[in-house]
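Summary of structural features
Residue strings, one per chain:
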Amino acid sequence: MPANTHVFRIEGMHCGSCSLLIDDALEDLPGVSRSHTDLKSGQSTVELDTSLTDPRQIIDTITGLGYSAGSVQL
């Protein structure tokens, strides 16, 4: 299945290292081909193959790092 773009709201980031940590963790998940987390907007844009990883797993990974997260409706 081709990757789809999903956007997630993230709260609790305070520096650029936070966004890098989130991107590294998400890009280790199966089905995630790309992740870009922006500190200023508080959002992460993820290219995701939902047949391998679903959006809930993305949120769980982000919250496991100590941030709060939720899906953004496009």
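Let's talk about the nonpolar core
Core analysis: the biggest nonpolar cluster contains 15 residues, and Ile 22, Leu 26, Val 46, Ile 58, Ile 62 and Tyr 67 have the highest contact counts within it. Elements that contribute at least two residues to this core include exactly strand E1 (4-11), helix H1 (16-27), strand E3 (43-48) and helix H2 (55-64).

Observations concerning the packing of H1 against H2
At a minimum axis distance of 10 Å, the contact between H1 and H2 shows a crossing angle of 135 degrees. Classified by the angle between their axes, H1 and H2 sit oblique to one another. Classified by chirality, the crossing of H2 by H1 is right-handed. Packed against H1, whose contacting residues are Ile 22, Ala 25 and Leu 26, the element H2 presents Ile 58, Thr 61 and Ile 62 at the interface.

Considerations on H2
Within H2 the residues assigned to the buried category are Ile 58, Ile 59 and Ile 62. The arc enclosing the buried residues of H2, seen along the axis, measures out at 95 degrees, which places them on a common side. Elements that come into contact with the buried residues of H2 comprise E1, H1, strand E2 (32-38), E3 and strand E4 (68-71). The residue sitting at the N-terminus of H2 and contributing the capping side-chain oxygen is Asp 54; that oxygen lies 3.0 Å from the backbone nitrogen of Arg 56. Looking one or two residues beyond H2, the residue adopting positive phi is Gly 66, at roughly 105 degrees.

Remarks on the side chain of Thr 53
Looking at the secondary structure, you find Thr 53 in the loop between E3 and H2. Ignoring sequence-local partners within four residues, the contact set of Thr 53 consists of Leu 29, Pro 30, Gly 31, Leu 48 and Ile 58.

A few points about the sheet that holds E3
With antiparallel pairing, the four strands of this open sheet are ordered in space as E2-E3-E1-E4. The open sheet has two edge strands with one neighbour each: E2 and E4. Adjacent strand axes in the sheet meet at a mean angle of 25 degrees when their direction is disregarded. Where E1 and E4 come together, four bridges link them in antiparallel fashion. Residue Glu 11 lies in a different strand from E4, and its bridge partner there is Ser 68. In this fold H1 packs onto E1, E2 and E3, with an angle of close to 165 degrees to the strand it touches most, E2. Against the sheet, H2 engages E1, E2, E3 and E4, with an angle of about 165 degrees to E4.

Rules of the game
- Residues numbered from 1 in each chain as written.
- Predicted model: local features only at pLDDT ≥ 70, side-chain atom pairs only at ≥ 80, totals over all residues.
- Heavy atoms only, no water.
- Core = buried A, V, L, I, M, F, W, Y, C linked by side-chain atoms within 4.5 Å.
- Buried < 20%, exposed > 50% of the residue type's maximum accessible area, 1.4 Å probe, protein only.
- Helix = DSSP H or I, 4+ residues; strand = E, 2+ residues; numbered from the N terminus.
- Axes fitted to C-alpha atoms, helices over the stretch in contact; angles between N-to-C directions.
- Parallel < 35°, antiparallel > 145°, perpendicular 65-115°, else oblique.
- Left-handed = near helix turned anticlockwise from the far one by under 90°.
- Contact = heavy atoms within 4.5 Å.
- Arc of directions from axis to C-beta.
- Polar contact = N/O pair within 3.5 Å; in protein donor to acceptor, adjacent residues only side chain to side chain.
- Pairing = 2+ DSSP bridges.

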